[in-house]
Number of protein chains: 2
Amino acid sequence: MVVADDLFKALADPTRRIILDELTEKSGQTLFEICSRLSMKHQLGISRQGVSQHLAVLEAAGLVETRREGRYKFHDLNTAPLRQIAERWPVPDTSRPQESTP
Amino acid sequence: MVVADDLFKALADPTRRIILDELTEKSGQTLFEICSRLSMKHQLGISRQGVSQHLAVLEAAGLVETRREGRYKFHDLNTAPLRQIAERWPVPDTSRPQESTP
DNA sequence: TTGATAGGCAAGTGAGCAGTTGCCTATACT
DNA sequence: AGTATAGGCAACTGCTCACTTGCCTATCAA
């Protein structure tokens, strides 16, 4: 099972959060595709291995799932683990500031 | 404004998440009260200053708000910043596994 | 089969962070 | 006044983590 520690550790890095953003925009990207986007759209000068390690962390957290086809490995987003955050700490209703309850 | 970086960094530490749990159970605790709970309920051998620094990080993330009364400083939970997580990466409906969309 | 593409493994390095220790300030109680 | 309580500030340390470099494996095209 994916523990909370893996989840929050995965979300702690800004580069990994951008990767999640890119996978939200287009799921099923390869490692090189993600590398290109980080470099082009976000001016992130990071090596391929660096991105690969980030993807491994995201996969350990259950936020990314992979499938292999030939020499390609596609990366799919899975936001389901994020649900436990809202379950752990109840979030007040949107569009309304919260009041303290003394 | 509280940036995403502060929020996720605050959530990255397990001790800080436990502090959020304790403030969820009882909001408006003092530093010493929180120290006691970490020690008693969670067997966390951490110094008062250690807890104080954790609270500072949580406050920087907007997850904890404080109010002073005399020599006491009360800490209140504020889960509102957590909302931006669900807003950033749409979470699929509960009680149903997700499908990939190829 | 040779070369090119897509990805993986492992060791090393530098920086950031959790935690401690020591000392200081402010409010309350007697 | 004096003392105990509640909290703050700053420097130091050890460890984790992001990132790199170097080399290796696997699939596909010529």
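Just so it is clear, the structure is predicted and the values come from calculations on it, not from any experiment.

(A) Seen up close, the protein's contact with DNA strand D. Contacts to DNA strand D come from 23 residues, most closely from R16, S47 and H54 of chain A together with F32 and K73 of chain B. At a separation of 2.7 Å, a phosphate oxygen of DNA strand D approaches a polar backbone atom of S47 of chain A. Take H54 of chain A: an N or O atom from its side chain is 2.3 Å from a phosphate oxygen of DNA strand D. Those elements that place two or more of their residues in the surface near DNA strand D are α2 (14–25) and α4 (48–60) of chain A together with α3 (31–40), α4 (48–60) and β2 (72–77) of chain B. The greatest single-element share of the surface near DNA strand D, amounting to four residues, is contributed by α4 of chain A. When grouped by side-chain class, the residues that make up the surface near DNA strand D number four nonpolar, 11 polar and eight charged.

(B) Structural view of the packing of aromatic side chains. Residue and element names in this part refer to chain B. All chains considered together, the criterion is met by four aromatic pairs over all chains. Considering the side-chain rings of Y72 and F74, the 6.2 Å spacing of their centres and the 25 degrees angle between planes classify their relative orientation as stacked. The exposure class assigned to Y72 is partly exposed, which follows from its relative accessible area of 44%. Using a relative accessible area of 17% as the deciding quantity, one classes F74 as buried.

(C) Spotlight on the interface of chain B and chain A. Facing 29 residues of chain B, the contacting portion of chain A comprises 28 residues. Carbon and sulfur atoms make up 57% of the area that chain B and chain A hide from each other, which totals about 2,500 Å². On the chain B side of the contact with chain A, R17, R83 and W89 of chain B bury the most area, a combined 27% of that side's loss. At the junction of chain B and chain A, the tally comes to four salt bridges. Residue D5 of chain B pairs with R17 of chain A through a salt bridge whose shortest N-O separation is 2.9 Å. Taken together, the connections running from chain B to chain A amount to 10 residue pairs in polar contact (both at pLDDT 80 or more).

(D) Structural view of the protein's contact with DNA strand C. Around DNA strand C, 23 residues are found, and the nearest of them are F32 and K73 of chain A together with R16, S47 and H54 of chain B. Each atom of DNA strand C within 4 Å of the protein belongs either to a base or to sugar and phosphate, the latter forming 64%. Between DNA strand C and L31 of chain A there is a distance of 3.4 Å, counted from a phosphate oxygen to a backbone nitrogen or oxygen. Q49 of chain A places a side-chain nitrogen or oxygen 3.3 Å from a base oxygen of DNA strand C. A total of four residues in the surface near DNA strand C trace back to one element, the largest contributor, which is α4 of chain B.

(E) Quick look at α4 of chain B. Residue and element names in this part refer to chain B. Between the first and last C-alpha of α4 there are 19 Å, a value that for 13 residues agrees with the 18 Å anticipated at 1.5 Å per step. Within α4 the residues assigned to the buried category are G50, V51, H54, L55 and L58. Projected down its long axis, α4 shows its buried positions confined to an angular sector of 140 degrees, all on one face. G62, located one to two residues past α4, shows a positive phi value of around 80 degrees.

(F) Region of interest: the relation of the copies chain B and chain A. Take chain B, turn it by 180 degrees, move it 0.0 Å along the axis, and it overlays chain A with an RMSD of 0.0 Å. Given the turn and translation reported, the copies of this chain are related as if by a two-fold rotation axis. Identified as the residue of chain B closest to the rotation axis by C-alpha distance is A12 of chain B, at 2.9 Å. With an isologous cut-off of 70% or more, the 97% of interface residues of chain B that recur at the interface of chain A puts this contact in the isologous class.

Parameters and conventions
- Residues numbered from 1 in each chain as written.
- Chains lettered and ligands numbered in written order.
- Predicted model: local features only at pLDDT ≥ 70, side-chain atom pairs only at ≥ 80, totals over all residues.
- Heavy atoms only, no water.
- Near = heavy atom within 4 Å.
- Polar contact = N/O pair within 3.5 Å; in protein donor to acceptor, adjacent residues only side chain to side chain.
- Helix = DSSP H or I, 4+ residues; strand = E, 2+ residues; numbered from the N terminus.
- Nonpolar A, V, L, I, M, F, W, Y, C, P; charged D, E, K, R; others polar.
- Phe/Tyr/Trp six-rings, centres within 6.5 Å; stacked < 30°, edge-to-face > 60°.
- Buried < 20%, exposed > 50% of the residue type's maximum accessible area, 1.4 Å probe, protein only.
- Contact = heavy atoms within 4.5 Å.
- Buried area = accessible area lost by both parts, 1.4 Å probe.
- Salt bridge = Lys/Arg side-chain N within 4 Å of Asp/Glu carboxyl O.
- Expected span 1.5 Å × (residues − 1).
- Arc of directions from axis to C-beta.
- Least-squares fit on C-alpha atoms with pLDDT ≥ 70 in both.

So yeah, pure geometry; function would need other evidence.
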